[in-house]
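Breakdown of the fold
Given next are the chains, with one letter for each unit.
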Amino acid sequence: MTPSQALAPATGTTRHPARAGSLWPLWFAAGLLLCGAQVLWTLQAGFLTPVATDRWRTALVALSDAAAFRELFAVTFPPLLLSADMIVALLPGTGSVPVPLLVNVLVGGALAAAWASMLADGGYGRLTAGLAALLLVAHPTLQQAIAAGEGVPLAVLAMTLLTPAALRVRQGGEVNAMAVMGAALALILFSAASGAYLVLAMLPFLVALSPPVLVARSSGGVLLVLLFPVAFTLAGYLYTNWIFGGSVTAFAQGVDSAIRGASGNLGAYPWLMGWGRGAGGAFLAGSLMILVACPLLPFILWRVRNRQARLSLALLAGSVLAAIIIASLTHYLDHPGRLLPYLLPVAIVGAAAMRPGLLPSPLLLLLATLGLGGGWLSQSIAPSPNMTAWHRALSGQDVSSVAAQEDAAFGVLLRGLDDVAMDADMSGLVVPARGGAEGLVLTSTDRLKADILTRRLSTRYIALQDPQSPRGQRDRISRALPDLWRDGPPGGRLVAMRGPWRLWEQTERVDASFREGGQS
């Protein structure tokens with residue numbers, strides 16, 4: 001049952017179900033072209049965020065070594081992104097393509113197809129449904145998340161499953177809809193770090209989203225059904241963190257862990273130094289941004305006739321605002337724009353439920369278009385550095401960083417070289433620029449762990465960073481052997497230097513028999 005069918009009042013109005021259902025491949029392709037063109041344009045300007053770089057490198061490293069996969073999959077958050085990146089990285093022809101951006105472009109196409117189908121189910125014509133869906137996919141906050149390599153697009157896709165299910169749960173208490181809602185909550189939680197804050201903000205709203213009859217009988221039972229997928233998957237994830245990371249919170253212990261967000265460098269983010277410093281400022285500015293960036297949603301809340309629909313949509317929108325406040329107070333959120341894309345599925349489902357009778361096609365397209373301008377305006381309020389860089393990249397300015405260029409140049413030097421010891425976790429773009437991690441001896445292998453303990457490496461090549469550089473201070477090889485970067489191994493030969501990187505070749509091999517035994 002579609003959202004519009006579930007929430008339509010008993011007026012006898014004729015429905016027009018799924019007239020654009022057969023056109024979903026067209027809207028999928030159009031979404032791919034829209035997102036792909038934007039990503040290619042900004043890539044040419046050098047826009048590649050540390051988040052995208054980290055995802056890309058992590059996927060390549062996990063594919064190259066079983067020990068690295070176990071460690072990374074256990075402590076990487078969110079884990080669904082790693083799974084998606086690894087699957088796409090296995091596709092032929094993706095070797096030189098930033099895998100996280102390719103995943104996000106595919107998700108953008110899926111969002112366009114899904115949203116067009118939802119609007120068509122609500123009675124809108126094929127052209128109107130497709131254009132409105134593309135306008136919302138083109139929303140600046142969503143496009144910026146796609147180009148930045150964040151997990152938000154995948155979480156928004158899960159939100160697209162959750163929103164109609166939530167409306168059906170409130171309307172009729174459907175058991176299947178409750179199961180879908182619970183599964184969608186788990187997907188949101190493990191698709192993006194911002195999704196974890198959204199799920200946390202939703203917890204108080206879940207009882208209100210449930211049918212009053214079921215809540216009166218057993219509120220605990222309702223919550224058990226809705227939260228079981230979240231509780232089960234979260235318990236399993238924390239257990240793997242304990243087994244492979246030594247702590248149930250291993251995923252959050254790094255200063256640059258995804259769940260910590262902007263907390264490692266508060267001074268760099270105007271939002272946290274201004275409006276986001278307190279709950280009141282975050283509430284006022286967040287509310288204003290929601291109204292400006294998504295004018296379609298307040299109009300729907302004003303005009304929708306079904307009280308249950310209005311309540312459900314308002315609660316879902318309120319949960320996004322609550323997530324903005326919580327994420328700001330915990331110093332995760334660098335800008336509310338990272339959470340605003342979660343409102344787009346709510347607006348789509350609301351529009352489909354209202355039908356053209358209450359929301360005519362021209363007005364739908366007008367409000368969606370106004371949302372584009374509102375999205376740009378919201379991003380101009382205390383913008384984050386990544387947001388500013390994306391805007392500059394869209395205008396054609398070069399935003400590439402010197403560090404990224406040095407990493408890429410060093411990675412190119414490593415192409416064709418095998419038996420190279422390196423801490424890939426601290427390598428930036430080196431592994432992607434090299435084309436993969438095959439032939440590297442990683443710090444996750446027993447061989448390199450043993451070498452570090454004995455303070456004598458057995459590999460032919462050693463790639464390491466200046467121990468005085470920010471990343472070099474966390475490079476496990478540079479930390480264990482602080483003089484190696486400067487002096488090299490005994491009898492070693494300096495092969496290359498790029499920025500903080502040095503590549504040494506050992507002419508006097510150590511423990512060659514162990515080296516021939518391979519990696520574990």
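Strand order in the open sheet formed by 5 strands is E2-E1-E3-E5-E4, and the pairing between neighbours is mixed. Of all strands in the sheet, those with a lone pairing partner are strand E2 (440-442) and strand E4 (493-498), marking the two edges. Direction aside, neighbouring strands of the sheet carry axes that sit 25 degrees apart on average. When strand E1 (residues 420-422) meets strand E3 (residues 461-465), the two strands line up parallel, connected through 2 bridges.

Looking now at the domain arrangement of the protein chain. Interfaces are often sized by the amount of accessible area the parts lose when they come together. Domain annotation for the protein chain reports domain 1 (3-9 + 20-394) and domain 2 (402-505). For domain 1 versus domain 2, the separation of C-alpha centres amounts to 37 Å. Across the boundary between the two partners, domain 1 contributes 14 residues, which contact 15 residues of domain 2. Contact between domain 1 and domain 2 buries roughly 1,200 Å² in total, counting both sides, with carbon and sulfur atoms accounting for 62%. Summed over the shared surface of domain 1 and domain 2, the number is 0 salt bridges. Run the count over domain 1 and domain 2 and you get 2 residue pairs in polar contact (both at pLDDT 80 or more). The set of elements that each furnish at least two residues to the side of domain 1 that touches domain 2 consists of helix H3 (50-64) and helix H4 (66-75). Top element by residues in the side of domain 1 that touches domain 2 is H3. It accounts for 6 residues.

With that settled, the discussion passes to the pattern of salt bridges. All chains considered together, the criterion is met by 14 salt bridges. One network of salt bridges, with partners in common, ties together Glu150, Asp334 and Arg338.

Looking now at unusual backbone geometry. For the peptide bond that leads from Phe77 to Pro78, omega is 0 degrees, which places it in the cis range. Within the secondary structure, Pro78 is located in the loop between H4 and helix H5 (79-89). Phi at His331 takes a positive value of approximately 65 degrees, unusual for a residue other than glycine. Within the fold, His331 resides in the loop between helix H17 (307-329) and helix H18 (343-358). The class of His331 is partly exposed, set by a relative accessible area of 33%.

Moving on to the side chain of Thr163. Structurally, Thr163 is set in helix H9 (residues 152-172). For Thr163, a relative accessible area of 0% gives the class buried. When near neighbours in sequence (up to four residues on either side) are disregarded, Thr163 contacts Leu316, Pro345, Val346 and Val349.

With that out of the way, let us pick up the pairing of E3. Taken across its 5 residues, E3 has 5 buried, putting it largely inside the fold. With burial as the criterion, each face of E3 is covered, one bearing Tyr461, Ala463 and Gln465 and the other bearing Ile462 and Leu464. Direction of pairing for E3 relative to strand E5 (residues 501-505): antiparallel, over a ladder of 5 bridges. Residue pairing for E5: Ala463 is matched across the bridge by Leu503.

Next up on the list: the nonpolar core. Of all hydrophobic cores here, the largest spans 140 residues; its most connected members are Trp115, Leu162 and Tyr342. Split by domain, this core shows at least three residues from each of two domains, domain 1 (3-9 + 20-394) and domain 2 (402-505). Leave out the neighbours within four places in its chain, and Tyr342 touches Val152, Ala155, Val156, Met159, Ala192, Ser194, Gly195, Leu198 and Val320. Grouped together as the second largest cluster of nonpolar side chains are 13 residues, Ala421, Leu448, Leu457 and Ile477 included.

The next point concerns helix H8 (residues 140-147). Taken across its 8 residues, H8 has 8 buried, putting it largely inside the fold. Residues of H8 that are buried: Pro140, Thr141, Leu142, Gln143, Gln144, Ala145, Ile146 and Ala147. Just downstream of H8, Gly149 is the residue with a positive phi angle, here 75 degrees.

It is worth spelling out the packing of aromatic side chains at this point. Inspection of every chain in the model, using the stated rule, returns 11 aromatic pairs. Plain terms: the ring middles of Tyr197 and Tyr332 are 4.5 Å apart, the flat faces sit at 25 degrees to each other, and that makes the pair stacked. Of this pair, Tyr197 sits in helix H11 (residues 193-202) while Tyr332 is found in the loop between H17 and H18, placing the two residues 135 residues apart along the sequence. Comparing Tyr197 with Tyr332 shows no difference in burial state: the two are buried. Ring geometry for Phe410 against Trp501: centres 4.9 Å apart, planes inclined by 15 degrees, an arrangement best described as stacked.

We now examine the environment of Phe410. Mapped onto the secondary structure, Phe410 falls in helix H21 (residues 402-413). The spatial distance from the C-alpha of Phe410 to the C-alpha of Gln253 is 29 Å, given a sequence separation of 157 residues. Excluding residues within four positions of it along the chain, Phe410 makes contact with Val430, Ala463, Arg498, Trp501, Arg502 and Leu503.

With that out of the way, let us pick up the packing of H9 against H17. For the pair H9 and H17, the least separation of the axes is 9 Å and the interaxial angle reads 140 degrees. With respect to H17, the axis of H9 lies oblique. Between H9 and H17 lies a crossing of right-handed hand. Taking contact as the criterion, the partners of Met159, Leu162, Thr163, Ala166, Leu167, Arg170 and Gln171 in H9 are, on H17, Gln308, Ala309, Leu311, Ser312, Leu313 and Leu316. Split into classes, the residues belonging to the contact of H9 with H17 amount to 8 nonpolar, 4 polar and 1 charged.

Let us look at the pairing of E5. A large share of E5 lies buried, amounting to 5 of its 5 residues. Burial along E5 is two-sided: the face carrying Trp501, Leu503 and Glu505 and the face carrying Arg502 and Trp504 are both buried. Alignment of E4 against E5, held across 5 bridges, turns out to be antiparallel. Its bridge partner being in E5, Arg498 is matched across the sheet by Trp501. Connecting E4 to the antiparallel partner E5 that follows it, the hairpin turn spans 2 residues, and Gly499 within it adopts a positive phi of roughly 60 degrees.

The rules we used
Residues numbered from 1 in each chain as written. Predicted model: local features only at pLDDT ≥ 70, side-chain atom pairs only at ≥ 80, totals over all residues. Heavy atoms only, no water. Pairing = 2+ DSSP bridges. Helix = DSSP H or I, 4+ residues; strand = E, 2+ residues; numbered from the N terminus. Axes fitted to C-alpha atoms, helices over the stretch in contact; angles between N-to-C directions. Domains from an automatic or database assignment. Contact = heavy atoms within 4.5 Å. Buried area = accessible area lost by both parts, 1.4 Å probe. Salt bridge = Lys/Arg side-chain N within 4 Å of Asp/Glu carboxyl O. Polar contact = N/O pair within 3.5 Å; in protein donor to acceptor, adjacent residues only side chain to side chain. Buried < 20%, exposed > 50% of the residue type's maximum accessible area, 1.4 Å probe, protein only. Core = buried A, V, L, I, M, F, W, Y, C linked by side-chain atoms within 4.5 Å. Phe/Tyr/Trp six-rings, centres within 6.5 Å; stacked < 30°, edge-to-face > 60°. Parallel < 35°, antiparallel > 145°, perpendicular 65-115°, else oblique. Left-handed = near helix turned anticlockwise from the far one by under 90°. Nonpolar A, V, L, I, M, F, W, Y, C, P; charged D, E, K, R; others polar.

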